[in-house]
Amino acid sequence: MSGGDNLDFEIRPNPAPVSDADRAVLLANPGFGRIFTDHMVTVRYADGKGWYEPRVEARAPIPMDPASAVLHYAQEIFEGLKAYTLPDGGVAMFRPDANAARFNLSAQRMAMPSLPVETFVQSLHEIIKIDRSWIPEDPEGSLYLRPFAYASEVFLGVRPATEYLYLVIASPVGPYFSGGVKPVSIWVSSDFTRAAPGGTGAAKCGGNYAAGLSAQAEAAEHGCDQVVYLDAVQRKYIDELGGMNVFLVLDDGTLVTPPLTGTILPGITRDSVIKLAQRAGRTVEERPISLEEWRDGAASGRVREAFACGTAAVITPIGVIKSEAGDFTMGDGGPGDTTMSIRKNLVDIQRGRAEDPFGWVHRVL
Ligand SMILES: *Cc1c(COP(=O)(O)O)cnc(C)c1O
């Protein structure tokens, strides 16, 4: 299918949606990724036929043959973004075209068919429209959208599948930090790496997450919230957290973040932070950061703050860094001023409370 084509979604409303009263109870304390809306989007793909049968239908289990290729060789990719209410009562998403573009880069890496950007964005519009009542009213809550695709072909041979299923599900989520932004503690893994040069580090695929679970468990054993990975070659430079990119704030206000060389995920929050900082006249360096530079800089005062960023939490201050070589703390361990002002700047743009200089807010309703 060519890039300009637009699919006509067939709408099959859920005949038994959750009642208003039950939904209100669920939305009072949604947590993260625990509850789901009444509908899902499905679009099928077959070689020679392209994408077909685009539908909005009742959310339901997907019948799956035990020989479905994804269950054996993990040909699967996903995205994550939020829909939320604007001050005027409208509904928006943040940079969904960037998610669409990244979805296709992930597809390319995993030898999967690309999905036209228009179809991706339209599929999000469709689920937001039909499940609008699931968007939390809390000004910090949102409807988390999870588009994903997997190899559905029933075949055990090792080659790219010839059939795929694309879906979108939606999950109302509360504020990421209830009771104020709290810094996370991170564990520097010396046993595990996340991605090697030439590997799948830049693709948003489930396999990367499966491979990171042991490291995450190791971080938890050391009393840390998250794991931070070192580069797989020299075990010296910071790559990223399991699902968030990393920035350091230097004493002169410069931001430093690892470069996109294929082993880290090109975060849309990362890109947004860089563009906003540069626009505000701040210097941003994309270059390797060694753990040693970070530790020495924390001791000398050269590195003042550190934060992680990604769609779910937007920006999370990093407090304590633990590793086998010892621990160190950023500042007094509390959220830094620069981190919090960058966070406020970005969240205010997303939520329609501040001018949107790059046209990132994509209104749906
Ligand atoms: C999704 C993801 C991020 C953050 O990307 P955003 O577009 O900012 O949400 C960072 N690292 C990994 C490994 C991810 O999967």
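This structure is a prediction, so every number in the text was calculated from the model and none was measured.

Chemist: Help me understand unusual backbone geometry, please; the structure alone is not making it clear to me.
Modeler: Excluding glycine, residues mostly have negative phi values, and the peptide bonds linking residues are mostly trans. Positive phi outside glycine occurs at Arg235, with the angle close to 55°. Within the fold, Arg235 resides in the loop between strand E10 (226-230) and strand E11 (238-241). The class for Arg235 is partly exposed, based on a relative accessible area of 40%. Phi at Val314 takes a positive value of approximately 65°, unusual for a residue other than glycine.

Chemist: Would you mind showing me how to read the pattern of salt bridges here?
Modeler: Pairs can form between side chains of opposite charge once their charged atoms are near each other. Overall, the coordinates contain 19 salt bridges when judged by the stated rule. Across the salt bridge formed by Arg12 and Glu10, the nearest N and O atoms sit 2.8 Å from each other. A relative accessible area of 37% means that Arg12 is categorised as partly exposed. What you see here is one network of salt bridges that share partners, running through Glu10, Arg12, Arg44, Glu53 and Arg55.

Chemist: I keep staring at the site of the ligand and nothing clicks. Help me out?
Modeler: In the region of the ligand, 15 residues are neighbours, and Lys204, Tyr209, Glu240, Thr269 and Thr311 sit closest. Within the backbone of Ile268, one N or O atom sits 2.8 Å away from an oxygen atom of the ligand. Burial of the ligand by the protein chains amounts to 96% of its free accessible area of 380 Å². For the shell around the ligand, the per-class residue count stands at 4 nonpolar, 7 polar and 4 charged.

Conventions we followed
- Residues numbered from 1 in each chain as written.
- Predicted model: local features only at pLDDT ≥ 70, side-chain atom pairs only at ≥ 80, totals over all residues.
- Heavy atoms only, no water.
- Helix = DSSP H or I, 4+ residues; strand = E, 2+ residues; numbered from the N terminus.
- Buried < 20%, exposed > 50% of the residue type's maximum accessible area, 1.4 Å probe, protein only.
- Salt bridge = Lys/Arg side-chain N within 4 Å of Asp/Glu carboxyl O.
- Near = heavy atom within 4 Å.
- Polar contact = N/O pair within 3.5 Å; in protein donor to acceptor, adjacent residues only side chain to side chain.
- Areas by Shrake-Rupley, 256 points an atom, 1.4 Å probe, with all protein chains shown as cover.
- Nonpolar A, V, L, I, M, F, W, Y, C, P; charged D, E, K, R; others polar.

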